[in-house]
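Summary of structural features
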Amino acid sequence: RAKAPPRVVTMRKSSRVPHEVRPEARGALHVVLRIRRGLPGLRTPRALRRLEGAFRKGKEKPGFALLHYSVQQDHLHLVVETENKTKLALGMQGLEIRLAKALNALWRRRKGPVFADRYFALALKNIRQVWHAVRYVLSNGRKHGTWTRAGVPDPYSSGRWFLPWRRSH
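The structure contained in this document is the topic of the report that follows. (Residues numbered from 1 in each chain as written. Predicted model: local features only at pLDDT ≥ 70, side-chain atom pairs only at ≥ 80, totals over all residues. Heavy atoms only, no water.)

Considerations on the packing of helix H1 (residues 45-58) against helix H2 (residues 85-106)
The geometry of H1 relative to H2 is characterised by a closest axis approach of 9 Å and an angle of 150° between their N-to-C directions. The angle between H1 and H2 falls in the class roughly antiparallel. The handedness of the crossing between H1 and H2 is right-handed. Facing H1, whose interface residues are Arg46, Ala47, Arg50, Leu51, Ala54, Phe55, Lys57 and Gly58, H2 presents Leu95, Arg98, Leu99, Ala102, Leu103, Ala105 and Leu106. Here the residues of the contact of H1 with H2 are counted per class, giving ten nonpolar, one polar and four charged. (Axes fitted to C-alpha atoms, helices over the stretch in contact; angles between N-to-C directions. Helix = DSSP H or I, 4+ residues; strand = E, 2+ residues; numbered from the N terminus. Parallel < 35°, antiparallel > 145°, perpendicular 65-115°, else oblique. Left-handed = near helix turned anticlockwise from the far one by under 90°. Contact = heavy atoms within 4.5 Å. Nonpolar A, V, L, I, M, F, W, Y, C, P; charged D, E, K, R; others polar.)

Written out as structure tokens, the structure is:
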């Protein structure tokens, strides 16, 4: 029998999001951005300050708005609103650049790619889907086991500014 060649382990560069033409998008979307493997985690107080600064600067552009976010160890969940897929692409491109510059400065990297290949975007078709997506994004820390305190929003999310949550707790 022939001996199998040694297995080579490579870093994930791709987000495994297929390279297909994105469908027309209008309204709210749930977006997931993954960082490349081998980079430091995102759930640190210093990283959160940098991310929130980039979110504030890039949260609104004509035809694009960042509504909610959740920071996990190796990915971000966002709820965004857009007028069309061109505005989505431009808004996400600008936001990703701001985030990458902020994180590279934090990690003392001169430059280099931060995010895996592409972002995942799911169009939310009705108010019920929007409500479920917002709840999912704001509770994502519980799903990943990084936030377990009941009755308190995850500090690595925009939950502390979510008015329905603030009124009920």
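A short note on the packing of aromatic side chains
According to the stated counting rule, one finds one aromatic pair in the structure shown. Plain terms: the ring middles of Phe55 and Tyr69 are 4.5 Å apart, the flat faces sit at 40° to each other, and that makes the pair tilted. Residue Phe55 is found in helix H1, and its partner Tyr69 is found in strand E3 (residues 64-71); the two are separated by 14 residues along the sequence. Take Phe55 and Tyr69: they sit in the same class, and that class is buried. (Phe/Tyr/Trp six-rings, centres within 6.5 Å; stacked < 30°, edge-to-face > 60°. Buried < 20%, exposed > 50% of the residue type's maximum accessible area, 1.4 Å probe, protein only.)

Concerning the side chain of Ser158
Positionally, Ser158 belongs in the loop between helix H4 (140-143) and helix H5 (163-168). Engagement of the side chain of Ser158 in a polar contact is seen with the side chain of His68, the distance being 2.9 Å. What Ser158 contacts, discounting residues up to four positions off in sequence, is Leu67, His68, Tyr69 and Leu138. (Polar contact = N/O pair within 3.5 Å; in protein donor to acceptor, adjacent residues only side chain to side chain.)

Some thoughts on the nonpolar core
Formed by 32 residues in total, the largest nonpolar core has its most connected members in Phe55, Leu76, Leu78 and Leu99. Those elements that place two or more of their residues in this core are strand E1 (27-34), H1, E3, strand E4 (75-82) and H2. The element best represented in this core is H2, accounting for eight residues. If sequence neighbours within four positions are ignored, Leu78 has contacts with Leu29, His30, Val31, Leu33, Phe55, Leu66, His68, Tyr69, Met92 and Leu95. Listed in part, the nine residues of the second largest apolar core include Ala28, Val79, Leu124 and Phe162. (Core = buried A, V, L, I, M, F, W, Y, C linked by side-chain atoms within 4.5 Å.)

Side note on the environment of Arg56
By the element assignment, Arg56 lies in helix H1. Note: C-alpha distance between Arg56 and Leu66 (ten residues apart in sequence) is 9.0 Å.

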